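# Summary of structural features
If you want the building blocks of each chain, they are given just below.
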Amino acid sequence: MLISSSCTSYMDKGEKPEKGHIVNFHHITFWVGNAKQAASYYCDKFGFEHLAYKGLETGSREVVSHAIKQDKVRIFRLHLEMSKHLAQHGDGVRDIAFQVEDCDFLVKVKGALLFRKDMNCHLFPVFQFGDLTHTFVEYPSPYSGLFLPGFKKTYIKDPLLSKLPHTLLNFVDHLVGNQPDEEMLPVIDWYLNCLMFHRFWSVDDKMLHTNYSALRSIVVTNFAETVKIPINEPANGKKKSQIQEFVDYYGGPGIQHIALNTSNIIQAVTNLKARGVEFLSTPETYYQQLLEKLKTAKIKVKEDLAKLQELKILVDYDDKGYLLQIFTKPVQDRPTLFLEVIQRYNFNGFGAGNFLALFEAIETEQNSRGNLIPHTDDKPPKPFY
Ligand SMILES: O=C(O)C(=O)Cc1ccc(O)cc1
Ligand SMILES: [Fe+2]
């Protein structure tokens with residue numbers, strides 16, 4: 001049983017920081033085994049466009065990067081001497097870049113740990129959890145470049161892409177990190193202390209569980225609440241938590257999902273499905289219960305409920321607004337990173353009312369992978385890396 005009403009929303013944003021503002025998500029960096037093919041996958045399936053390139057032809061002798069974008073979402077992927085990272089994690093998110101003001105203040109005063117400062121290219125990577133890094137991107141003066149220093153306009157012209165239906169994804173709504181057990185709180189503290197984030201929302205494992213497995217989650221955000229990062233950790237249940245499955249297969253903590261915001265989820269999901277994106281399913285009983293509950297709800301869902309049901313889009317709401325969301329299956333061989341498509345109407349929270357249906361759908365997949373097994377305290381057998 002999952003009780004979603006007793007999760008905690010935090011009203012106290014704290015003082016507005018005078019310096020060191022985190023403005024927004026700037027771009028997400030993936031480290032993958034083959035950047036050209038991965039970029040093509042995200043363009044074909046998710047509607048990104050090739051933007052910029054860095055590689056042998058541009059004088060980059062060690063790194064090949066393809067930058068792709070869709071409206072305000074910029075993804076930038078790399079391929080270089082990263083065999084340890086690749087062997088351990090497979091393809092995944094290496095870095096999340098924020099656009100910031102006063103990077104020096106964040107590093108010197110707030111203690112965001114700097115390991116490399118790239119002179120005159122506005123990039124300041126800092127370590128975060130596991131092998132994930134954050135990069136601060138600062139524009140001391142208006143920036144006229146295409147993407148970042150070192151990039152040239154892409155050479156790729158894929159005639160297929162203009163023939164495919166638009167996917168209508170506009171910006172990164174939130175990014176979720178998974179931690180091993182008992183490692184969530186130190187990570188939360190880092191965001192609060194070094195980036196001056198505040199707590200936005202949290203749920204514990206008494207609320208977040210299915211019959212089998214459980215997790216805890218805390219959402220942190222910047223002062224302007226433009227950057228939201230939920231951090232999860234597994235909790236003991238009868239079977240292995242989905243978070244533990246991620247940690248086992250990613251070989252440590254990392255980014256579990258990227259949520260992309262749209263203002264037309266029905267069209268976006270219809271078109272993503274036409275492009276071959278695989279989504280998790282939701283049982284019919286979810287929609288029977290939803291229709292019943294909506295009869296007495298204070299809000300009215302504008303979308304055609306039959307269409308939402310057909311596409312298996314989830315709905316959560318409170319007295320003032322609602323959200324629509326759907327989750328993809330993992331986007332690489334390992335059951336690690338997946339994507340979410342989300343639309344919001346006056347609703348800033350997370351879909352707690354959907355957690356039971358969502359987690360059961362995730363567990364159906366986990367079971368099909370042979371990983372919904374009894375929880376033990378022993379070290380799990382090594383997965384396939
Ligand atoms: O509501 C949302 O945006 C979520 O992303 C829900 C969620 C929470 C925890 C998970 O492990 C997976 C999904
Ligand atoms: Fe999400």
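Owing to the predicted nature of the structure, the values given are computational and were not obtained by experimental measurement. (Residues numbered from 1 in each chain as written. Chains lettered and ligands numbered in written order. Predicted model: local features only at pLDDT ≥ 70, side-chain atom pairs only at ≥ 80, totals over all residues. Heavy atoms only, no water.)

### Side note on the nonpolar core
Grouped together as the largest cluster of nonpolar side chains are 89 residues, with contacts concentrated most on Phe98, Tyr191 and Ile258. For Ile258, the residues in contact, after removing those within four places along its chain, are Ile28, Phe30, Val93, His174, Leu175, Leu337, Phe338, Leu339 and Glu340. In this structure, Ala67, Ala97, Val137 and Leu148 belong to the second largest nonpolar core, which totals 8 residues. (Core = buried A, V, L, I, M, F, W, Y, C linked by side-chain atoms within 4.5 Å. Buried < 20%, exposed > 50% of the residue type's maximum accessible area, 1.4 Å probe, protein only. Contact = heavy atoms within 4.5 Å.)

### Some remarks on the site of ligand 1
Not every one of the 15 residues close to ligand 1 is listed here, only the nearest: His174, Gln242, Gln256, His257 and Gly351. At a separation of 3.4 Å, an oxygen atom of ligand 1 approaches a polar side-chain atom of Asn232. The separation between an oxygen atom of ligand 1 and a polar side-chain atom of Gln325 is 3.2 Å. Notes on ligand 1: free accessible area 340 Å², of which the protein chains cover 97%. (Near = heavy atom within 4 Å. Polar contact = N/O pair within 3.5 Å; in protein donor to acceptor, adjacent residues only side chain to side chain. Areas by Shrake-Rupley, 256 points an atom, 1.4 Å probe, with all protein chains shown as cover.)

### Focus: the sheet that holds strand 16 (residues 322–327)
Read across the sheet, 9 strands follow the order 1-11-12-13-10-14-17-16-15 without closing on themselves; strand pairing throughout is mixed. Single-partner strands in this sheet number two, and they are strand 1 (8–9) and strand 15 (314–317). In this sheet, strand 11 (residues 198–203) lies alongside strand 1 in antiparallel orientation, the contact comprising 2 bridges. What sits directly across from Ser9, in strand 11, is Trp201. (Pairing = 2+ DSSP bridges. Helix = DSSP H or I, 4+ residues; strand = E, 2+ residues; numbered from the N terminus.)

### With respect to empty space enclosed by the protein
Tallied over the entire structure, the rule returns 5 cavities of 30 Å³ or more. Quantified by volume, the largest cavity comes out at close to 240 Å³. Listed by contribution, the elements that provide at least two residues to the lining of the largest cavity are strand 10 (171–178), strand 12 (214–221), strand 13 (228–235), strand 14 (254–261), strand 16, strand 17 (338–345) and helix 9 (355–368). In terms of residue count, helix 9 provides more of the lining of the largest cavity than any other element does, 4 residues in total. Looking at the lining of the largest cavity residue by residue, the class counts come to 13 nonpolar, 8 polar and 1 charged. Lining of the second largest cavity is provided by 16 residues; of these, Pro330, Thr336, Phe338, Ile362 and Arg369 occupy positions nearest its centre. Where the lining of the second largest cavity is concerned, the elements lending two or more residues are helix 5 (242–250) and helix 9. Among the elements that take part in the lining of the second largest cavity, helix 5 stands out by supplying 3 residues, more than any other. Partitioned by chemical class, the residues of the lining of the second largest cavity number 7 nonpolar, 5 polar and 4 charged. (1 Å grid on protein atoms, 1.4 Å probe; cavity = no way out; pocket = protein on both sides within 12 Å on 5 of 7 lines; lining within 4 Å. Points joined across faces, edges and corners; volume = space filled by probe spheres on them. Nonpolar A, V, L, I, M, F, W, Y, C, P; charged D, E, K, R; others polar.)

### A closer look at the coordination of the iron ion (ligand 2)
Looking at the iron ion (ligand 2), the protein donor atoms are His174 (NE2), His257 (NE2) and Glu340 (OE), and they sit 1.9 to 2.2 Å from it. Taken in chain order, the donor set of the iron ion (ligand 2) reads H-x82-H-x82-E. Here His257 lies in strand 14 and His174 lies in strand 10, a separation of 83 residues in the sequence. (Donors = N, O, S within 2.8 Å, 3.2 Å for Na, K, Ca; no water.)

### Regarding the packing of aromatic side chains
Under the definition given, this model contains 19 aromatic pairs. Aromatic pair Tyr53 and Tyr155: ring centres 4.8 Å apart, planes at 80°, arrangement edge-to-face. Highlighted residues: Tyr53 in strand 3 (residues 49–54) and Tyr155 in the loop between strand 9 (152–153) and strand 10, separated in sequence by 102 residues. Note on Tyr155: relative accessible area 40%, which makes it partly exposed. Three or more aromatic residues joined by ring pairs form one cluster here, namely Phe25, Phe98, Trp190, Tyr191 and Phe197. Sitting over the ring of Phe350, Arg344 keeps its end group 5.6 Å from the ring centre. (Phe/Tyr/Trp six-rings, centres within 6.5 Å; stacked < 30°, edge-to-face > 60°. Lys NZ or Arg CZ within 6 Å of the ring centre and 35° of its normal.)

### Examining the pairing of strand 13
Across the 8 residues that make up strand 13, a large majority, 8, are buried. Every second residue of strand 13 is oriented toward a common face, with Lys228, Pro230, Asn232 and Pro234 on one face and Ile229, Ile231, Glu233 and Ala235 on the other, all of them buried. Relative to strand 13, strand 10 runs parallel, the two sharing 2 bridges. Directly across from Asn178, in strand 13, lies its bridge partner Asn232. Remark: 6 residues form the turn of the hairpin made by strand 12 and strand 13, two consecutive strands paired antiparallel; Glu225 in that turn has positive phi of roughly 55°.

### A few points about the domain arrangement of the protein chain
Under the domain assignment used here, the protein chain contains domain 1 (21–163) and domain 2 (169–369). The C-alpha-based centres of domain 1 and domain 2 are spaced at 24 Å. Of the roughly 3400 Å² buried at the junction of domain 1 and domain 2 (both faces included), carbon and sulfur atoms supply 66%. The largest contributions to the domain 1 side of the interface with domain 2 come from Phe25, Phe46 and Phe129, which together make up 21% of the buried area. Seen at the junction of domain 1 and domain 2, the total is 0 salt bridges. The tally of links between domain 1 and domain 2 comes to 14 residue pairs in polar contact (both at pLDDT 80 or more). For the side of domain 1 that touches domain 2, the secondary-structure elements that each account for two or more residues are strand 2 (22–31), helix 1 (35–46), helix 2 (83–89), strand 6 (92–100), helix 3 (103–108), strand 7 (123–127) and strand 8 (133–137). Among the residues making up the side of domain 1 that touches domain 2, the classes are represented as 25 nonpolar, 12 polar and 6 charged. (Domains from an automatic or database assignment. Buried area = accessible area lost by both parts, 1.4 Å probe. Salt bridge = Lys/Arg side-chain N within 4 Å of Asp/Glu carboxyl O.)

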